[in-house]
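Chains, contacts and geometry: an overview
Take a look at the letters that make up each chain.
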Amino acid sequence: MQRQCAWCLRFMDHFGEPISAPQPKRYEVSHGMCCVCGSLWLEQAIRNTDEQKAQQKQTLLSKIDDQGA
Ligand SMILES: [Zn+2]
């Protein structure tokens, strides 16, 4: 069964390594995520979580400031 990454549209081997240039999406192949997109996605997810935490902290700090005033 041929596998194609749904993100970068490259075909991949059974280890998830991209093995081709991006191809037009084909519906007869099984779709998933190659390991390159997988680690990019993970990095993005971690970064988003960190930003959310930083924002929450900022909101909390400004609330504390409001109360103190
Ligand atoms: Zn990919």
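The sections below set out a description of the structure shown in this document. Note that this is a predicted model, so its numbers are computed, not measured. (Residues numbered from 1 in each chain as written. Predicted model: local features only at pLDDT ≥ 70, side-chain atom pairs only at ≥ 80, totals over all residues.)

**Details of the overall build of the chain**
Counting its secondary structure elements, the chain contains one helix and four strands. Reading the chain from its N end, one meets helices and strands in the order β-β-β-β-α. In terms of overall size, the chain is more extended than a compact globule, its C-alpha atoms giving a radius of gyration of 20 Å where 69 residues would be expected to give roughly 11 Å. Viewed in the frame of its principal axes, the chain has a C-alpha envelope of about 65 × 20 × 15 Å. (Helix = DSSP H or I, 4+ residues; strand = E, 2+ residues; numbered from the N terminus. Rg over C-alpha atoms; globule rule 2.2 N^0.38 Å.)

**Remarks on the sheet that holds strand E2 (residues 10-12)**
As summarised here, the arrangement of the four strands in space is E3-E2-E1-E4, forming an open sheet in which the pairing is mixed. Two strands in the sheet have a free side with no partner beyond their single neighbour: strand E3 (18-22) and strand E4 (30-32). Along the sheet, successive strands turn relative to each other by an average axial angle of 30°, direction set aside. By the bridge criterion, two bridges tie strand E1 (residues 3-5) to E2 in an arrangement that is antiparallel. Among the inter-strand pairings, Arg 3 is bridged to a residue of E2, identified as Met 12. (Pairing = 2+ DSSP bridges. Axes fitted to C-alpha atoms, helices over the stretch in contact; angles between N-to-C directions.)

**Looking at the environment of Thr 59**
Relative to the assigned elements, Thr 59 resides in helix H1 (residues 35-68). The spacing of Thr 59 and Glu 17 is 42 residues in sequence and 42 Å in space, taken between C-alpha atoms.

**Quick notes on the pairing of E3**
Note: E2 against E3, two bridges, orientation antiparallel. Bridging across to E3, Met 12 finds its partner in Pro 18. Taking the residues that link successive antiparallel strands as the turn, the E2-E3 hairpin has five residues, and the phi of Gly 16 there is positive, at about 90°.

**Focus on unusual backbone geometry**
Here Leu 9, not a glycine, exhibits a phi torsion of approximately 65°, which is positive. Structurally, the position occupied by Leu 9 is in the loop between E1 and E2.

**Regarding the environment of Gly 32**
As for its placement among the helices and strands, Gly 32 is situated in strand E4. The sequence separation of Gly 32 and Ala 6 amounts to 26 residues, and the corresponding C-alpha distance is 5.6 Å. With residues near it in sequence (within four places) discarded, Gly 32 still touches Arg 3, Cys 5 and Ala 6. (Contact = placed C-beta atoms within 7 Å.)

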